[in-house]
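# Inside the fold
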Amino acid sequence: MKKLLTVSAFILLSVSVNAQIIFGLNAGYDKTGIAGIEAGYRIKHHSIFIQEYGTASKRADLPLIKASVNYGYDFHSFQPFIGYGTEGLNYGLNKYFRHYKLTTGRHGDFTYISAGYNNLSLQDKFFTKNDAAIVALQVVSGFSNGLHEAIQAGHWGTGKFWDSKISWKNKYRDFDNGDIRAKFVGSKSVFVGFTDGYHLTNLISHTANIATFTIALNTKEKLNFKTILKKALISAAANRAAYYVSYNLIFKS
């Protein structure tokens, strides 16, 4: 439950249009050894900020196993913060060198240091409403994909619509008695997505991905390499975070 709430907060806060996006490399150590990629968002109001990030680690089965939400105060280039995450109490200090950020602190039993690039001049123009729509759609896609995989693996699903062992028969009129005609027009082809949970979750995920691509192309931003890379990274982060919450924390058990 602790991981579910923390990662959910990471996803929900990430859609804020007043956020700065932060990407960087990090390295640290504890009893198991941790090294990975830091990704997060930073929302600032005057000198008070909310900072959230997730970390891919060696002991993580999927990205964002380590995540936290922190609150801090901006003393110009020095920013102390404290918060809570998947590993427990989190606290530390950010130090900015123009566009570069150095962070040191403690995440539960994990002492870490990270370094990354963060353009402080971008502010809310960097994360646009178009980006927020992309993140929201990818949360839908990733969550649906996680449920789809849980159904396929047999971790979740009961009843005629959700149980993949029997739900595939829904496309036929009466499969058990040999009637393999379509139950309704398109039930065996274009409308198979409405016959059971396995196909429906796949349909939702694909539809959200197509919508994401369409919205991304209709942005008012200049579609240069930086814009395309930004949209690709926030899409991947939102999708995989939602997938992790869906598959590992809700439907797998």
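Computed from a prediction, not measured in an experiment: that's the story for all the values here. (Residues numbered from 1 in each chain as written. Predicted model: local features only at pLDDT ≥ 70, side-chain atom pairs only at ≥ 80, totals over all residues. Heavy atoms only, no water.)

## Describing the pairing of strand β6 (residues 88-97)
Two faces, one strand: in a regular strand the side chains alternate between the faces of the sheet. Heads up, the rule is: One requirement defines pairing of two strands: DSSP has to find at least two bridges between them. In this text, helices come from DSSP runs of H or I with a minimum length of four residues, and strands from runs of E with a minimum of two, each type numbered from the N-terminal end.
Across eight bridges, strand β5 (residues 78-85) lies against β6 in antiparallel orientation. Paired with Q79 across the strands is N94, a residue of β6. Between β5 and β6, which pair antiparallel one after the other, the connecting turn spans two residues. Of the pairings in the sheet, the one linking β6 to strand β7 (residues 100-107) comprises eight bridges and is antiparallel in character.

## Regarding the environment of A241
Among the secondary structure elements, A241 is positioned in helix α7 (residues 225-251). For A241 and F143, which are 98 residues apart along the polypeptide, the C-alpha to C-alpha distance reads 8.4 Å.

## Some remarks on the packing of helix α3 (residues 129-152) against helix α6 (residues 197-217)
Quick note on the threshold: All axes are obtained by fitting lines to C-alpha atoms, using only the stretch in contact for helices, and the reported angles, taken between N-to-C directions, cover 0 to 180 degrees. Oblique is the label for every angle not falling under 35 degrees (roughly parallel), over 145 degrees (roughly antiparallel), or within 65 to 115 degrees (roughly perpendicular). Two helices cross in a left-handed way if the nearer one is turned anticlockwise from the farther one by less than a right angle. They cross in a right-handed way if the turn is clockwise. The nonpolar class holds Ala, Val, Leu, Ile, Met, Phe, Trp, Tyr, Cys and Pro. Asp, Glu, Lys and Arg form the charged class, and all remaining residues, Gly among them, are polar.
The interhelical angle for the contact between α3 and α6, taken along N-to-C directions, is 160°, at an axis separation of 8 Å. Taken together, α3 and α6 sit at an angle that is classed as roughly antiparallel. The chirality of how α3 crosses α6 is left-handed. Looking at the contact of α3 with α6 residue by residue, the classes come out as twelve nonpolar, 13 polar and no charged.

## Considering the pattern of salt bridges
Spelled out, the test is: Counted as salt bridges are all cases of a side-chain nitrogen of Lys or Arg within 4 Å of a carboxyl oxygen of Asp or Glu. Relative accessibility decides the category of a residue: with a 1.4 Å probe and only protein chains considered, values under 20% of the type maximum give buried, values over 50% give exposed, and everything between is partly exposed.
With the rule as written, the count across this model stands at six salt bridges. Ionic pairing is found between K231 and D131, a salt bridge with its closest N-O pair at 2.6 Å. Of the two residues, K231 sits in helix α7 while D131 sits in helix α3, which places them 100 residues apart along the sequence. Each member of the pair, K231 as well as D131, carries the same accessibility label: buried. The partner of K169 in a salt bridge is D176, and the shortest N-O contact between them spans 2.9 Å. Residue K169 is classed as partly exposed on the basis of its relative accessible area of 24%. Residue D176 is classed as exposed on the basis of its relative accessible area of 59%. Where salt bridges share partners, they join D131, E221, K230 and K231 into one cluster.

## Description of the pairing of strand β10 (residues 179-182)
Here two bridges tie strand β9 (residues 172-174) to β10, and the two strands are oriented antiparallel to one another. From the neighbouring strand, D174 faces β10, where its bridge partner is D179. Counting the residues that bridge the hairpin from β9 to β10 gives four residues, and of these G178 lies at a positive phi of roughly 85°.

## Some words on the nonpolar core
Rules: Here, nonpolar core refers to any group of buried Ala, Val, Leu, Ile, Met, Phe, Trp, Tyr and Cys residues whose side-chain atoms link them within 4.5 Å. Contact between two residues is taken to exist if any of their heavy atoms lie within 4.5 Å; hydrogens are not considered.
By size, the foremost hydrophobic cluster in this structure holds six residues: L147, A150, I151, Y243, Y247 and F251. Those residues in contact with F251, other than ones at most four positions away along the chain, are F143, L147, A150, H155, W156 and S246. Core analysis: the next-biggest nonpolar cluster, separate from the first, contains five residues, F127, A132, V135 and I234 among them.

## Observations concerning the side chain of D74
Selection rule: Polar contact criterion, stated in full: a pair of N or O atoms within 3.5 Å, where within protein one must be able to donate a hydrogen and the other to accept it, and residues adjacent in sequence count only if both atoms are side-chain atoms.
Tracing the backbone shows D74 in the loop between β4 (66-73) and β5. Here D74 falls in the buried class, since its relative accessible area comes to 11%. At a separation of 3.2 Å, a polar atom in the side chain of D74 contacts the side chain of Q79.

## Quick notes on the packing of α3 against α7
Axis separation between α3 and α7 bottoms out at 7 Å; the angle between their running directions is 35°. For α3 against α7, the interelement crossing comes out right-handed. Of the residues that constitute the contact of α3 with α7, the class distribution is 13 nonpolar, nine polar and five charged.

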